[in-house]
Amino acid sequence: MKTTFFFLLMSLLSNEGMAQRLNRFHDSQTSDAFFQYKADRKRPLILAHRGGPGSTDTENSIMTFDKTAKALPDAIIEMDVRLTRDSSLILLHDATLDRESDDKGPVTERTLAELKKIRLKTLAGDLTDQSMPTFTDILTWNKNRYMLALDVKPGTDPLRVMKEVEKHQAVYSVFVICYSPAEAQRVRDRYPSLWLAIGINGMADLERLENNPLLSGRLIALTPQKIQPVSFYERLHKLGIPASVGTYGAGQLDEKPMAEVGAGYRDLFRQGGDIITTDRPRDVSALF
């Protein structure tokens, strides 16, 4: 009897946790609370670049997103959104199929039906039975449970992407990475409550930012991978803007043994980095 009661209690608690997770980001208050700069924060937000795949995982795939999200429910899941020849939205990091799949050629020259027949490769280059997810697949999977970072690749209209987000009532569970102030302005005009991310690469960009009424709120600064002076991050924080720092790519922290560079990630956070964008989200999160 006691055993039965115990398992019933665990089941109820599990279901309650799932109910709380579903539709977690349902309004501007929930997304604002997630991103707003806090001077007393104890740890950075972790952004899983391309979903955070390991060597045996595929990037930009539901399987990898699910694996990362279950391990780190507060991680931001980043993805790359591209447009097909027939104007469908699909996920792939590169402009061509060569590295990530068993086919070759530009994504923009293929229809959705053609792309769905292609199989994805792991980071190590091994072929899987996984197909490319559409952006709609991702929104259906997420159900506003996790925060999604949308890297809308050049040539893909972010407003087209946001129309799909609107259909799924998911405006508050995404933010959009913009490649220029003009693009950010277009998106801001249509979606004033949406969080946007834009590159702030030095003091000149920061000064322009301070004089731009567009970027007075709900903005994430994509800052240089090289650590900046404390004053740089402090000026962003005075504007209420969290700073994202990437640690992926050749020569960066993610490419070095964790035992050698753990202090480097901690230094980024202490210096003023609020979001660490990394290829190894689970290992980096464990440092904090």
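Residues numbered from 1 in each chain as written. Predicted model: local features only at pLDDT ≥ 70, side-chain atom pairs only at ≥ 80, totals over all residues. Heavy atoms only, no water.

Under an unreviewed UniProt entry, the chain has the name Glycerophosphodiester phosphodiesterase family protein and belongs to Spirosoma flavum.

Asks: I'm lost on the overall build of the chain in this one. Help?
Replies: A count of helical and extended segments in the chain gives eleven helices and eleven strands. In summary, the chain has a C-alpha radius of gyration of 20 Å against a globular reference of 19 Å for 288 residues, a match within 12%. Across the 288 residues that make up the chain, the buried fraction comes to 50%. Relative to all contacts within the chain whose residues are 6 or more apart in sequence, the contacts with residues 24 or more apart total 60%. Entry remark: accessible area of the chain is about 13800 Å², with carbon and sulfur atoms responsible for 54%. Across the chain, the 38 positively charged side chains and the 38 negatively charged ones have centroids separated by 3 Å. (Helix = DSSP H or I, 4+ residues; strand = E, 2+ residues; numbered from the N terminus. Rg over C-alpha atoms; globule rule 2.2 N^0.38 Å. Buried < 20%, exposed > 50% of the residue type's maximum accessible area, 1.4 Å probe, protein only. Contact = heavy atoms within 4.5 Å. Areas by Shrake-Rupley, 256 points an atom, 1.4 Å probe, with all protein chains shown as cover. Lys, Arg positive; Asp, Glu negative; His and termini not counted. Charge placed at Lys NZ, Arg CZ, Asp CG, Glu CD.)

Asks: Would you take a moment to explain helix H7 (residues 181-190) for this structure?
Replies: Within an α-helix, residues lying three or four positions from one another point in the same direction, as the helix has 3.6 residues per turn. Those residues of H7 that fall on the buried side of the exposure criterion are Glu183, Ala184, Val187 and Arg188. When H7 is viewed along its axis, its buried side chains cluster within an angular range of 135 degrees and face the same direction. Residues of H7 that are exposed and point more than 90 degrees away from the buried face comprise Ala182 and Asp189. Considering only its buried residues, H7 is in contact with helix H6 (158-167), strand S7 (174-178), strand S8 (195-199) and strand S9 (219-223). (Arc of directions from axis to C-beta.)

Asks: Which parts of the structure should I look at to understand unusual backbone geometry?
Replies: Across residues other than glycine, the phi torsion is negative in most instances, and most of the peptide bonds are trans. Phi is positive for Arg50, which is not a glycine, with a value near 60 degrees. Secondary-structure assignment places Arg50 in the loop between strand S1 (45-48) and helix H3 (62-71). For Arg50, a relative accessible area of 11% translates into the label buried. In the Ramachandran plot, Asn60 falls in the positive-phi region, its phi being about 55 degrees despite a non-glycine side chain.

Asks: Could you clarify how one ought to interpret the packing of H3 against helix H5 (residues 135-142) in this entry?
Replies: Interhelical geometry of H3 versus H5 gives an angle of 30 degrees and a closest axis separation of 11 Å. Comparing the axis directions of H3 and H5 gives the class roughly parallel. When the axes of H3 and H5 are compared, the crossing they make is right-handed. Packed against H3, whose contacting residues are Ile62, Phe65, Asp66 and Ala69, the element H5 presents Asp137, Ile138 and Trp141 at the interface. Of the residues that constitute the contact of H3 with H5, the class distribution is five nonpolar, no polar and two charged. (Axes fitted to C-alpha atoms, helices over the stretch in contact; angles between N-to-C directions. Parallel < 35°, antiparallel > 145°, perpendicular 65-115°, else oblique. Left-handed = near helix turned anticlockwise from the far one by under 90°. Nonpolar A, V, L, I, M, F, W, Y, C, P; charged D, E, K, R; others polar.)

Asks: What is the right way to look at the pairing of strand S11 (residues 275-278) in this model?
Replies: Consecutive residues of a regular strand have side chains that alternate between opposite faces of the sheet. Burial of the side chains of S11 extends over both faces: Ile275 and Thr277 are buried on one face and Ile276 and Thr278 on the other. Direction of pairing for S1 relative to S11: parallel, over a ladder of four bridges. Looking at the pairing, Ile46 lines up with Ile276 of S11. Regarding topology, helix H10 (residues 258-271) serves as the crossover connection from strand S10 (residues 243-246) to the parallel S11, and that connection is right-handed. (Pairing = 2+ DSSP bridges. Right-handed = clockwise from strand over helix to strand, strands pointing away.)

Asks: How should H6 be read in this particular structure?
Replies: All of the buried residues along H6 are Pro158, Leu159, Val161, Met162, Glu164 and Val165. At its buried positions, H6 is contacted by strand S2 (76-83), strand S3 (89-91), H5, strand S6 (147-152), S7 and H7.

Asks: Mind showing me how you'd approach the nonpolar core here?
Replies: In terms of nonpolar packing, the biggest core is built from 50 residues, with Met79, Phe135, Leu148, Leu150, Val165 and Leu194 touching the most fellow members. Those residues in contact with Leu150 that sit more than four places away from it in its chain are Met79, Phe135, Val161, Val165, Val174, Phe175, Val176 and Ile177. (Core = buried A, V, L, I, M, F, W, Y, C linked by side-chain atoms within 4.5 Å.)

Asks: How should I be thinking about the pattern of salt bridges in this particular structure?
Replies: Any two side chains of opposite charge can pair if their charged atoms end up close together. On inspection of all chains with the given rule, the structure shows 21 salt bridges. Arg218 is the salt-bridge partner of Asp32, the closest N and O atoms lying 2.8 Å from each other. You can see Asp32 sitting in helix H2 (residues 28-35) and its partner Arg218 sitting in the loop between helix H8 (203-210) and S9, a full 186 residues away along the chain. On the accessibility criterion, Asp32 (12% relative accessible area) is buried. Look at Arg218 and you get partly exposed, because its relative accessible area is 25%. When the shortest N-O distance is used, the salt bridge between Asp254 and Arg280 registers 3.9 Å. Taken together, the residues Asp254 in the loop between S10 and H10 and Arg280 in the loop between S11 and helix H11 (281-286) connect sequence positions 26 residues apart. Residue class for Arg280 comes out buried when judged on its relative accessible area of 16%. (Salt bridge = Lys/Arg side-chain N within 4 Å of Asp/Glu carboxyl O.)

Asks: In this structure, what is going on with the side chain of Ser31? I would like to understand it.
Replies: Tracing the backbone through its elements, the reader meets Ser31 in helix H2. A polar side-chain atom of Ser31 sits 3.2 Å from the main-chain carbonyl oxygen of Ser28. (Polar contact = N/O pair within 3.5 Å; in protein donor to acceptor, adjacent residues only side chain to side chain.)

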